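# Observations on chain architecture
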Amino acid sequence: MSQIVHCPACGKALNIVDYVSMMVVSQKTAMFTVRCPECGQLVPSIQRIPASLRPRIEQAAQELHAGMGR
């Protein structure tokens, strides 16, 4: 899976690490929502969690006693 998604409204390439919201759906995947800076469209996409985000997610999970933090 790629870290780049494209806005369905205008076609702009969007990086999921610039997400406005993220919902972890498994240990390795999450639903990211990115706002397109060109047209304002909210673009949801289920993607593999990038390695650069894992430490932050694991820390939050530990604080909440959630799955990835166990």
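Structure first, text after, so check above.
Keep in mind that what you see is a predicted model, and the values were worked out from it rather than measured.

The next point concerns a nonpolar patch on the surface. A surface patch of nonpolar side chains, about 280 Å² in accessible area, is lined by Met-23, Val-25 and Ile-46. Note on placement: Ile-46 falls in strand β5 (residues 42-48).

This next bit is on the packing of aromatic side chains. Two aromatic rings are characterised by how far apart their centres lie and by the angle between their planes. Tallying each qualifying case throughout the model produces 1 aromatic pair. Pairing Tyr-19 with Phe-32 gives two aromatic rings, centres 5.8 Å apart and planes at 65°, and the pair type is edge-to-face. Taken together, the positions of Tyr-19 in the loop between β2 (13-15) and β3 (21-24) and Phe-32 in strand β4 (residues 29-35) put the pair 13 residues apart, joining distant regions of the chain. The class for Tyr-19 is partly exposed, based on a relative accessible area of 26%.

To continue, consider the nonpolar core. One finds Val-5, Cys-7, Leu-14, Ile-16, Ala-30, Phe-32, Val-34, Cys-36, Val-43, Ile-49, Leu-53 and Ile-57 forming the largest nonpolar core, which totals 12 residues. The element that contributes the greatest number of residues to this core is β4, accounting for 3 residues. Beyond its immediate sequence surroundings of up to four residues, Ile-16 is in contact with Gln-3, Val-5, Phe-32, Val-34, Gln-47, Arg-48 and Pro-50.

What follows concerns the side chain of Thr-29. Here Thr-29 shows up in strand β4. Look at Thr-29 and you get buried, because its relative accessible area is 18%. At 2.7 Å, the side chain of Thr-29 forms a polar contact with the side chain of Ser-26. Ignoring any residue separated from it by four or fewer positions in sequence, one finds Thr-29 in contact with Val-24, Ile-46, Gln-47, Arg-48 and Ile-49.

This paragraph deals with the side chain of Thr-33. You can see Thr-33 is positioned in strand β4. Apart from residues no more than four positions distant in its own chain, Thr-33 is found in contact with Tyr-19, Val-20, Ser-21, Leu-42, Val-43 and Pro-44.

With that out of the way, let us pick up the environment of Cys-39. In this fold, Cys-39 is placed in the loop between β4 and β5. In this structure, the C-alpha to C-alpha distance between Cys-39 and Met-23, residues 16 residues apart in sequence, is 23 Å. Setting aside residues no more than four positions away along its own chain, Cys-39 makes contact with Cys-7, Ala-9 and Cys-10.

Quick notes on the rules
- Residues numbered from 1 in each chain as written.
- Predicted model: local features only at pLDDT ≥ 70, side-chain atom pairs only at ≥ 80, totals over all residues.
- Heavy atoms only, no water.
- Patch = residues over 30% accessible without salt bridge, like charges linked within 9 Å, V, L, I, M, F, W, Y side chains within 5 Å.
- Areas by Shrake-Rupley, 256 points an atom, 1.4 Å probe, with all protein chains shown as cover.
- Salt bridge = Lys/Arg side-chain N within 4 Å of Asp/Glu carboxyl O.
- Helix = DSSP H or I, 4+ residues; strand = E, 2+ residues; numbered from the N terminus.
- Phe/Tyr/Trp six-rings, centres within 6.5 Å; stacked < 30°, edge-to-face > 60°.
- Buried < 20%, exposed > 50% of the residue type's maximum accessible area, 1.4 Å probe, protein only.
- Core = buried A, V, L, I, M, F, W, Y, C linked by side-chain atoms within 4.5 Å.
- Contact = heavy atoms within 4.5 Å.
- Polar contact = N/O pair within 3.5 Å; in protein donor to acceptor, adjacent residues only side chain to side chain.

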